[in-house]
Amino acid sequence: MHPENPSPTSSPQEALRAFREFARTTLLGHDAEFDSGAEPPLELYRPLHEMGLLNWWLPKEYGGAGFGLADSVDIVSELAYADAGSAFTLLISILSSSMVSLYGSPELKKEFLTAMARDGGYSAALGSEREAGSELINLTTTLTKRGDQVVLNGEKMFSTNSGFADYLIVFARSTGEREKAASYHAVLVPRDTPGTRVVKRWDMIGLRSAGTYQVSFTDCAVHSGNVLDGPGLKVIEVGLNSSRILIGAIALGVARRIRDMCLDYAIRKPLGGHTLIENAVFAGKLGQMEMQIDVMRNQCLAAAREYDGIMALDDAPAVLLQRGALRSALTAKMFCGQTGFQIATVGSEMFGGLGYTTDMPISKYLRDIRAVTIVEAGDDVLRELVFRRFVLPPDRRI
Ligand SMILES: Cc1cc2nc3c(=O)[nH]c(=O)nc-3n(C[C@H](O)[C@H](O)[C@H](O)COP(=O)(O)OP(=O)(O)OC[C@H]3O[C@@H](n4cnc5c(N)ncnc54)[C@H](O)[C@@H]3O)c2cc1C
């Protein structure tokens, strides 16, 4: 551990307890504030850094707590139970930092991951453009080699955390490469590099305590050592494995919150001389929800364990590049997004007319959970990817 780092909470169980305590005491019960669209409340997350738990996945050799993805599923679920936007802000740096961890040079890793663990910073990934979101093959941001530097030009449509992140992982394309795959690159850009400009923060309909930004790059030059090692489109596929699983876990946390709210309401709601909780139709709905929640959690955990298993290999970066998107990670995000939205719909009906008012936070949960099937590629695109990679006979797979 870095000598100046806060002491990390030692075991995964202890860390989960700390996150649950943090989520229940600091985040829970502030739905209206989180839903107001105010700036991301980063100061609120500072205690996590003081406990050594901000960016809890950062490797121990750089001063992080070094927790695995399977440990992270319940952590994100606890955070999202209290506020999905906060969970999104806190987990999304895993996408960019794990790409650095796997494919950055030793110098890059030492500089940026150590600073992140020591100072409690954030990072962001910038892939999506106006015509390239789910399908990054269409991206138009250019990378030009100039001496020992690379120069970026282009505009990125959506990028979470980039308004305050310390470094950005930007995806760009060069010309003149023989092989198309070799023309896509992932480049680490320190946030204060000249030519980097936040164009605006989007006013999203959900996850409103998070910040997602449009960012432009004009003659933005960084050292060529900042280019990550590996074909850019594969590097992001690998990075997306961890964040997709944890975005699935956001749906899990929100679904658990909806279940508990429904239960609280049913205890109090009078119905024909009884209360709603005594009603068989209500019991059936909550039984169904519990089954869905259980399978969501199990799928996230199965995917996370598969990822952790690969990460434990000596040649994990190469194995991951070869495998790219893991089926379990794709299906975890898709299943959790679709099932979570069903739970939110049933939940909103449960409160009758009240469920359609802003008096009840259910509208926030519906809007928050909607994002899961959209971010990091929409379901239409992921369905096709699963078909092409895992359903077609092996000799026809792309
Ligand atoms: C809250 C939020 C945070 C985000 N954060 C980030 C971030 O940090 N970094 C980042 O890079 N991006 C980020 N994004 C962008 C996000 O990843 C993209 O919006 C998402 O991948 C969808 O891409 P798109 O917007 O280009 O839409 P498209 O994928 O173009 O979808 C538009 C429509 O076209 C359809 N479509 C597209 N391709 C196909 C196909 N092959 N077959 C059939 N139908 C198709 C879709 O189903 C959809 O109906 C964020 C977005 C949101 C909403």
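Just so it is clear, the structure is predicted and the values come from calculations on it, not from any experiment.

Definitions and limits used
- Residues numbered from 1 in each chain as written.
- Predicted model: local features only at pLDDT ≥ 70, side-chain atom pairs only at ≥ 80, totals over all residues.
- Heavy atoms only, no water.
- Phe/Tyr/Trp six-rings, centres within 6.5 Å; stacked < 30°, edge-to-face > 60°.
- Buried < 20%, exposed > 50% of the residue type's maximum accessible area, 1.4 Å probe, protein only.
- Helix = DSSP H or I, 4+ residues; strand = E, 2+ residues; numbered from the N terminus.
- Domains from an automatic or database assignment.
- Contact = heavy atoms within 4.5 Å.
- Buried area = accessible area lost by both parts, 1.4 Å probe.
- Salt bridge = Lys/Arg side-chain N within 4 Å of Asp/Glu carboxyl O.
- Polar contact = N/O pair within 3.5 Å; in protein donor to acceptor, adjacent residues only side chain to side chain.
- Nonpolar A, V, L, I, M, F, W, Y, C, P; charged D, E, K, R; others polar.
- Patch = residues over 30% accessible without salt bridge, like charges linked within 9 Å, V, L, I, M, F, W, Y side chains within 5 Å.
- Areas by Shrake-Rupley, 256 points an atom, 1.4 Å probe, with all protein chains shown as cover.
- Pairing = 2+ DSSP bridges.

Throughout the structure, instances matching the rule amount to seven aromatic pairs. Plain terms: the ring middles of Trp56 and Trp57 are 4.9 Å apart, the flat faces sit at 80° to each other, and that makes the pair edge-to-face. Look at Trp56 and you get buried, because its relative accessible area is 1%. Trp57 sits in the buried class, given a relative accessible area of 10%. Their ring planes at 65° and their centres at 4.8 Å tell us that Tyr265 and Phe351 sit as a pair that is edge-to-face. A residue pair is termed long-range when its members are at least 10 positions apart, and Tyr265 in helix α8 (residues 232–268) and Phe351 in the loop between α11 (327–350) and α12 (362–370) qualify at 86 residues. Judged by its relative accessible area of 13%, Tyr265 is buried. In textbook terms, an aromatic cluster arises when at least three aromatic residues are bridged by ring pairs, as seen for Phe19, Trp56 and Trp57.

Taken domain by domain, the protein chain holds domain 1 (12–121), domain 2 (124–226) and domain 3 (232–396). Distance between the C-alpha centres of domain 1 and domain 3: 20 Å. On the domain 3 side, the residues contacting the 29 residues of domain 1 number 35 residues. Of the roughly 2,700 Å² buried at the junction of domain 1 and domain 3 (both faces included), carbon and sulfur atoms supply 68%. Taken as a group, Leu69, Tyr81 and Tyr103 account for 25% of the area that domain 1 buries against domain 3, more than any other trio of residues on that side. Here domain 1 is connected to domain 3 by six salt bridges. The residue Arg257 makes a salt bridge to Asp31 at a minimum N-O spacing of 3.0 Å. In this assembly, domain 1 and domain 3 are joined by 13 residue pairs in polar contact (both at pLDDT 80 or more). Among the secondary structure elements, those contributing two or more residues to the side of domain 1 that touches domain 3 are α2 (31–34), α4 (69–82), α5 (84–91) and α6 (93–103). For the side of domain 1 that touches domain 3, the element with the highest residue contribution is α4, accounting for eleven residues. Of the residues in the side of domain 1 that touches domain 3, the class split is 19 nonpolar, four polar and six charged.

Judged by side-chain polarity, Leu263, Ile267 and Ile277 come together as a nonpolar surface patch covering roughly 230 Å² of accessible area. Inspection of the secondary structure assignment puts Ile267 in helix α8. Owing to a relative accessible area of 48%, Ile267 belongs among the partly exposed residues under this scheme.

Right, let's get into the pairing of strand β7 (residues 212–223). Across nine bridges, strand β3 (residues 149–160) lies against β7 in antiparallel orientation. Within the sheet, the bridge partner assigned to Val151 lies in β7 and is Ala221. Direction of pairing for strand β6 (residues 196–201) relative to β7: antiparallel, over a ladder of five bridges. Looking at β7, one finds that Arg201 is bridged to Tyr213.

What follows is about the environment of Ile293. Structurally, Ile293 can be placed in helix α9 (residues 280–311). A relative accessible area of 5% places Ile293 in the buried class. Taking the C-alpha atoms as reference, Ile293 lies 25 Å from Asp359; in sequence the two are 66 residues apart. Once residues lying within four places of it in the same chain are set aside, the contact partners of Ile293 are Leu252, Ala255, Arg256, Arg259 and Ile343.

The next point concerns the pattern of salt bridges. One pass over the full model with this rule turns up 21 salt bridges. Notably, a salt bridge pairs Arg118 with Asp119, separated by 3.0 Å at the nearest N-O pair. On the basis of relative accessible area, Arg118 is assigned to the partly exposed category, the value being 26%. Residue Asp119 is classed as partly exposed on the basis of its relative accessible area, which comes to 40%.

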